[in-house]
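Letter by letter, the chains look like this.
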Amino acid sequence: QLQASGGGLVQPGGSLRLSCTASGSIFSIKTMAWYRQAPGEQRELVASSSGRSTNYVDSVKGRFTISRDNAKNTVYLQMNSLKPEDTASYYCNAEISWRPGILDNYWGKGTLVTVSS
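This is a predicted model, so every value here is computed, not measured.

Caption draft 1: Just the pattern of salt bridges, in detail. A complete count under the given rule lists 4 salt bridges for this structure. Measuring nitrogen to oxygen at the nearest pair gives 2.7 Å for the salt bridge that ties arginine 36 to glutamate 44. The exposure class of arginine 36 is buried, given its relative accessible area of 7%. Under the relative-accessibility criterion, glutamate 44 is labelled partly exposed at 29%. Arginine 63 is paired through a salt bridge with aspartate 86; the nearest N and O atoms lie 2.7 Å apart. Remark: aspartate 86 occurs in the loop between strand S8 (74-79) and strand S9 (88-99) and arginine 63 occurs in the loop between strand S6 (53-56) and strand S7 (64-69); sequence separation between them is 23 residues.

Set out below in structure tokens:
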């Protein structure tokens, strides 16, 4: 139900924009978020959006921006000033309600971001 796209190879200092769209007969979406996992590392929360609130891991503050288009059930992650340490598979996550009172958690497939010269 979650389809992510936008990963790729970029040079240090460059930018990428990730997108993730939820599909199906959705009643509402509470939180949408991006996580990342580098080889040999644990998955970490990069950014989240819930209502009007956004949160970022310290390492991306000022460089990454999460935004949502609720009409399209889509979350974006604009990544600027990319660094080699941002290299990872990025996963979107969403808390989706298919009917009132029921909330399920979903993961999209990862999209690989490689920052290298």
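Caption draft 2: A look at the state of the cysteines. The full count for this structure, using the stated rule, is 1 disulfide. In this model, cysteine 20 is linked to cysteine 92 through a disulfide, with the two sulfur atoms separated by 2.0 Å. Taking the torsion about the S-S bond as the criterion, the cysteine 20 to cysteine 92 disulfide, at about 45 degrees, is right-handed. Of this pair, cysteine 20 sits in strand S3 (residues 16-22) while cysteine 92 sits in strand S9; the two residues are 72 residues apart in sequence, bridging distant segments of the chain. For cysteine 20, a relative accessible area of 1% puts it in the buried group.

What counts and how
Residues numbered from 1 in each chain as written. Predicted model: local features only at pLDDT ≥ 70, side-chain atom pairs only at ≥ 80, totals over all residues. Heavy atoms only, no water. Salt bridge = Lys/Arg side-chain N within 4 Å of Asp/Glu carboxyl O. Buried < 20%, exposed > 50% of the residue type's maximum accessible area, 1.4 Å probe, protein only. Helix = DSSP H or I, 4+ residues; strand = E, 2+ residues; numbered from the N terminus. Disulfide = S-S within 2.5 Å.

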